Amino acid sequence: MLDTSQGEPSLPPPATAPAEEPRGCLFALSQPPLMIFLGVIGGLLLLAAVHDLFLL
């Protein structure tokens, strides 16, 4: 229901500082050791695929 009183206007509750968001997958992918590891694994998979396709 709408407050129609002529008293002081009601103020919204004070804003609180937003809580720190949990770190997700993009934060994990920004870590250099993980990217090096994934690059090595990807390179090995690519090398195995090229070997299977062209040399066998």
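Structure shown above.
Everything numeric in this text was worked out from a predicted model, so none of it was measured.

Enquirer: Sorry, what's going on with the overall build of the protein chain here?
Expert: Along the backbone of the protein chain there are two helices and zero strands. When the 56 residues of the protein chain are sorted by exposure, 0% land in the buried category. With an accessible surface of roughly 5,700 Å², the protein chain has 72% of that area assigned to carbon and sulfur atoms.

Enquirer: Would you mind showing me how to read a nonpolar patch on the surface here?
Expert: Nonpolar side chains collect at one region of the surface, where Leu26, Leu29, Leu34, Met35, Ile36, Phe37, Leu38, Val40, Ile41, Leu44, Leu45 and Leu47 lie side by side and expose about 1,200 Å² of accessible area between them. Looking at the nonpolar patch, the elements that each hand over two or more residues are α1 (25-29) and α2 (32-55). Ranked by the residues each element gives to the nonpolar patch, the list is headed by α2, at ten residues. Within the fold, Phe37 resides in helix α2.

Cut-offs used in this document
Residues numbered from 1 in each chain as written. Predicted model: local features only at pLDDT ≥ 70, side-chain atom pairs only at ≥ 80, totals over all residues. Heavy atoms only, no water. Helix = DSSP H or I, 4+ residues; strand = E, 2+ residues; numbered from the N terminus. Buried < 20%, exposed > 50% of the residue type's maximum accessible area, 1.4 Å probe, protein only. Areas by Shrake-Rupley, 256 points an atom, 1.4 Å probe, with all protein chains shown as cover. Patch = residues over 30% accessible without salt bridge, like charges linked within 9 Å, V, L, I, M, F, W, Y side chains within 5 Å. Salt bridge = Lys/Arg side-chain N within 4 Å of Asp/Glu carboxyl O.

Read these as layout, nothing more, since geometry by itself doesn't imply function.
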